[in-house]
Amino acid sequence: MMTSPLNVIVAVSAAELAVMVLSVLMLVVLAVVTYVFSKYLPIISNLFMDVTINPRPSPGLRLEGETVRFKTADGIELTGTLTPGDRAQPVIVFCHEFSSDRHAAARYVYFLQEAGFRIFTFDFRGHGDSPAPKGYVSRLWVTEAERADLRGALECLRTRQDVNHEAVGLFGVSRGGVVALSGAVEDPMVKVVVADGAYSAFRTLYDYMRKWTPIFARVRWVYRHHPDWFYSMLGRLAIRLSELRMRARVLSLEKVLRELRVPALLVHGERDNYLDATHARYLAAINPEAVELWIVPEANHNEAVVQVADEYSRRLTDMFSAHLMVPVSKSEGRNLHTPGVVEV
């Protein structure tokens, strides 16, 4: 005698039915996630690789000093400028922003020169007078290439006898700020770092996905109800896909900040139209023991130096002075007004 479908359903226990329903739901969720990832992952990767910012017009200022040429570990010859001074003075290595060059330093460091600091600024590969090696494409995201450039600059200073190796700081702007923070973790010669407008690749992509999703997603209910973990996973996969396409690893600023042991000042404009100020607060919260955060209400991206010029110069001078200036006793018989020395 044949068993009817109704008798089969009745025979299934409640627990078995629950397992079946749960399995079906999991398959549906997996199918939806697979569809979304396969459809949008390439789009997000393209956006990540192609996103850029408008280059800042050069103010026509140039940093005067000795032209220095040095090579990176991978054999790229870079060009830099070292301002005049003596071995007693502390040195600040400046890392310029994307689509700029070493002379951008003049806009940011004039007050530090007046305070007695020497400045060493250089052109990243593919910028200014530094060539781009075959196959290299400069992007907003920091890779091993840009980190190698800074390593080369620091090694260049280390080989010079006219430079104070015990008092070296890093100062970077935008992408250069990210590079500077990574250098502060790697090189024990660095005693302090300032980063203006630095950003995390992952957090930037995460924020922009939240912003761009309505443009690409057709079903409003779906993109409004994606949980945070979904955007986080999608962002990390998109970065990984981009890395495979670029054949380069993108620096994790979160990892760098967790490893940071020297004092750091992060500067960020409240009106930054590229990176919301919550981005900077997110970064500072990763390592509050090492990182000091200054949010400038009036400033756009990298504009604090103009909007609050006096406070900018005071804060940065104080930051570098506190960690690089060597107090000299009056009894030592030296010129106590030599730039770069604090009289006590």
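Described in the following lines is the structure provided in the data block. Computed from a predicted model, the values in this text were never measured in an experiment.

**What to know about the pairing of strand β3 (residues 91-95)**
Inference 1: Here β3 lies mainly inside the structure; 5 of its 5 residues are buried.
Inference 2: Of the two faces of β3, the one holding Val91, Val93 and Cys95 and the one holding Ile92 and Phe94 are both buried throughout.
Inference 3: Here 5 bridges tie β3 to strand β4 (residues 118-122), and the two strands are oriented parallel to one another. Across the sheet, Val91 pairs through a bridge with Arg118, a residue of β4.
Inference 4: Taken together, β3, helix α3 (residues 105-114) and β4 constitute a β-α-β crossover, and its handedness is right-handed.
Inference 5: When β3 meets strand β5 (residues 168-173), the two strands line up parallel, connected through 5 bridges. What sits directly across from Cys95, in β5, is Gly172.

**As for the nonpolar core**
Inference 1: With 42 residues, the main nonpolar core has Val93, Phe120, Phe122, Leu170, Leu181 and Leu260 as its most contacted residues.
Inference 2: Dropping the residues within four chain positions of it, Leu181 is found in contact with Val193, Ala195, Ala198, Leu253, Val256, Leu257, Leu260, Ala264 and Leu266.
Inference 3: One finds Ala106, Ala304, Val308 and Phe320 within the second-largest nonpolar core, a separate group that totals 30 residues.

**As for the sheet that holds strand β8 (residues 291-296)**
Inference 1: The strand order β1-β2-β4-β3-β5-β6-β7-β8 describes an open sheet built from 8 strands, whose pairing is mixed. A single partner strand is all that each edge strand has here, and the edge strands are β1 (66-71) and β8. Strand after strand, the sheet turns through a mean of 20 degrees between neighbouring axes, direction not considered.

**Section: the packing of α3 against helix α12 (residues 309-324)**
Inference 1: At a closest axis distance of 10 Å, the pairing of α3 and α12 adopts a crossing angle of 60 degrees. Relative to α12, the element α3 lies oblique. As α3 packs across α12, the resulting crossing turns out to be right-handed. Note on element contacts: α12 touches α3 through Ala309, Tyr312, Ser313, Leu316, Thr317 and Phe320, opposite Tyr108, Tyr110, Phe111 and Leu112.

**As for the pairing of strand β2 (residues 77-82)**
Inference 1: Most of β2 is tucked away: 5 of the 6 residues are buried.
Inference 2: In this structure, β1 lies alongside β2, joined through 6 bridges in antiparallel fashion. Residue pairing in the sheet places Val68 in a bridge with Gly80 of β2.
Inference 3: Linking β1 back to β2 in an antiparallel pair, the connection comprises 5 residues, with Gly75 at a positive phi of about 85 degrees.

Reading the values: the criteria
- One numbering rule holds for all chains: residues counted from 1, following each sequence as written.
- In keeping with the predicted nature of the model, local features appear solely for residues at pLDDT of at least 70, side-chain atom pairs appear and are counted solely at 80 or more, and the whole-chain, interface and lining totals rest on all residues.
- For side-chain calculations, the full set of non-hydrogen atoms in the structure is used, while hydrogens and water are omitted.
- Buried means the residue's accessible area, taken with a 1.4 Å probe over protein chains only, is under 20% of the maximum for its type, while exposed means over 50%, and partly exposed covers the values in between.
- Runs of H or I in DSSP of at least four residues are treated as helices and runs of E of at least two as strands, each being numbered from the N terminus.
- When DSSP finds two or more bridges between two strands, those strands count as paired.
- By the criterion used throughout, a crossover qualifies as right-handed when its path from the first strand across the helix to the second strand runs clockwise, the strands pointing away from the viewer.
- The definition of a nonpolar core used throughout is a set of buried Ala, Val, Leu, Ile, Met, Phe, Trp, Tyr and Cys residues joined through side-chain atoms within 4.5 Å.
- Only heavy atoms matter for contacts: two residues are in contact if any of them lie within 4.5 Å across the pair.
- All axes are obtained by fitting lines to C-alpha atoms, using only the stretch in contact for helices, and the reported angles, taken between N-to-C directions, cover 0 to 180 degrees.
- Working rule for angles: under 35 degrees goes down as roughly parallel, over 145 as roughly antiparallel, 65 to 115 as roughly perpendicular, anything else as oblique.
- Crossing handedness is defined as follows: a turn of the near helix away from the far one that is anticlockwise and smaller than a right angle gives a left-handed crossing, while the clockwise case is right-handed.

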